[in-house]
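Observations on the model geometry
Now for the letters of each chain:
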Amino acid sequence: MRDMSDARVMVFAPAPQLTVTIEQHHDEPELHVHPGGQGIWQTRMITSLGAQVTLCAAAGGEVGRVLSPLLADLPGVTLRLVMREHGSGWYVHDRRGGTRQEIAERPGTPLSRHELDELYNLTLAEGLRAGIAILSGPAHPSVIKPEVYGRLAADLRANGCKVIADLCSRHLAAVLESGISVLKISHEELIADGTAPDGSTESLTKALIQLHESGAESVVVSRADMGALALFNDEIYTVALPRLTPAEHRGAGDSMTAGVAAVLAHGGAMDEAVRTGAAAGALNVTRHGLGTGHVDAVRVLTERVELTPLRKAS
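Residues numbered from 1 in each chain as written. Predicted model: local features only at pLDDT ≥ 70, side-chain atom pairs only at ≥ 80, totals over all residues. Heavy atoms only, no water.

1. Quick notes on the overall build of the protein
Check the secondary structure of the protein and you find 10 helices and 14 strands. The principal-axis extent of the C-alpha atoms belonging to the protein is close to 50 × 50 × 40 Å. Classification of the 314 residues of the protein by burial places 53% in the buried group. At a minimum sequence separation of 6, the contacts of the protein that also span at least 24 residues come to 69%. By element, 49% of the accessible surface of the protein is carried by carbon and sulfur atoms, the whole surface being about 13,500 Å². (Helix = DSSP H or I, 4+ residues; strand = E, 2+ residues; numbered from the N terminus. Buried < 20%, exposed > 50% of the residue type's maximum accessible area, 1.4 Å probe, protein only. Contact = heavy atoms within 4.5 Å. Areas by Shrake-Rupley, 256 points an atom, 1.4 Å probe, with all protein chains shown as cover.)

2. Digging into the state of the cysteines
For the coordinates displayed, the defined rule picks out zero disulfides. Free of any disulfide, cysteine 56 has its nearest neighbouring cysteine sulfur in cysteine 161, separated by 11 Å. The buried category is assigned to cysteine 56, whose relative accessible area is 0%. (Disulfide = S-S within 2.5 Å.)

3. As for the packing of helix 8 (residues 252–265) against helix 9 (residues 270–284)
The relative placement of two packed helices is expressed as an angle between their axes plus a distance between the axes. Relative orientation of the contacting elements helix 8 and helix 9 amounts to 145°, with a least axis distance of 7 Å. Crossing angle aside, the handedness with which helix 8 passes helix 9 is right-handed. Seen from helix 8, the contacting residues are Ala252, Ser255, Met256, Gly259, Val260, Val263 and Leu264; seen from helix 9, they are Met270, Glu272, Ala273, Val274, Thr276, Gly277, Ala278, Ala280, Gly281 and Asn284. (Axes fitted to C-alpha atoms, helices over the stretch in contact; angles between N-to-C directions. Left-handed = near helix turned anticlockwise from the far one by under 90°.)

4. Thoughts on the packing of aromatic side chains
Going through the model one piece at a time under the given rule, you end up with two aromatic pairs. Relative to tyrosine 149, the ring of phenylalanine 12 has its centre 5.4 Å away and its plane inclined at 70°; by these criteria the two rings are edge-to-face. Note that phenylalanine 12 is positioned in strand 1 (residues 8–13) and tyrosine 149 in helix 4 (residues 146–158), a separation of 137 residues in sequence. Given the relative accessible area of 0%, tyrosine 149 is considered buried. Between phenylalanine 232 and tyrosine 237 the ring centres are 4.6 Å apart and the planes differ by 15°, which places this aromatic pair in the stacked class. Both residues of the pair, phenylalanine 232 and tyrosine 237, belong to the buried class. (Phe/Tyr/Trp six-rings, centres within 6.5 Å; stacked < 30°, edge-to-face > 60°.)

5. Here's the deal with helix 8
Given a rise of 1.5 Å per residue, 14 residues ought to cover 20 Å, and the 20 Å separating the end C-alpha atoms of helix 8 matches this to within 8%. Where burial is concerned, most of helix 8 is hidden: 12 out of the 14 residues are buried. When helix 8 is considered as a whole, its buried residues turn out to be Ala252, Asp254, Ser255, Met256, Thr257, Ala258, Gly259, Val260, Ala261, Ala262, Val263 and Leu264. After helix 8 finishes, the residue glycine 267 shows a positive phi value of roughly 90°. (Expected span 1.5 Å × (residues − 1).)

6. Some words on the packing of helix 1 (residues 38–48) against helix 8
One way to put it is that helix 1 packs onto helix 8 with a least axis distance of 8 Å and a crossing angle of 50°. Relative to helix 8, helix 1 is oriented oblique. Considering only the axes of helix 1 and helix 8, their crossing is right-handed. Residues Gln38, Trp41, Gln42, Met45 and Ile46 of helix 1 lie in contact with helix 8, whose contacting residues are Asp254, Ser255, Thr257, Ala258 and Ala261. A per-class count over the contact of helix 1 with helix 8 returns five nonpolar, four polar and one charged. (Parallel < 35°, antiparallel > 145°, perpendicular 65-115°, else oblique. Nonpolar A, V, L, I, M, F, W, Y, C, P; charged D, E, K, R; others polar.)

Remember, this is a structural readout, not a statement about activity or role.
What follows is the structure, encoded as structure tokens:
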């Protein structure tokens, strides 16, 4: 795996959340308060791999006053923050029993037109400056309209920026219409959207081709512990992951997206990007912190990821 120190990725995370998790440490409970949400977890893994991130986000309300300084303290991150009038999202989880139990959660209020305009402009500028952008989804689709993603994808791509989308449903449809460089999606999301009837390799292969023909140059479909499928350079591959004992299943897909983005930001090829993404995702499940992993461990695991040609995409 190459040195990523001169690579930069713009991550669009329009509605990050304040995450509160109760852990058990020996005989005492511990409280952990962090910024969270898909774009934040992707950001953490990208910086863990040594690349830099420009994070474009919005926060506001009482929760936002707590969330904002936590976002500003993320290492390796240049924060471009739009302050909102109303509340950011949050959740409280209890993990003292060894499994994650949701106590309460709010995704946040929808962004206003003025907030969206300001966030759109700075995201477009920073995406073009970085040359590669991740469009991550909100905690709930009501927070930001799909057409915002479609316009961003179109404007970034028209001006030479590579666009990676980690989206589903109507937000995915909007960016596919504009065209994207890479799509990362899980097989559960494909089934829920009706793009694939089940999780079989045959069904997912057909879905890969459909998504490619709809506007995604390359597609990566994660399948939990079954490995991934990837379509790039007109070839479909199975992606065999190293077998590791999971501690936390959540966040593996976001780490995979981050690994792909970090390699492409440094000018790496798509096969290297897929292997690195698969290694980052596999490593993430061994840790309780979402979007985390040591770069040396990712480097070693990357060498153990196998890409096997399955069939031509056309």
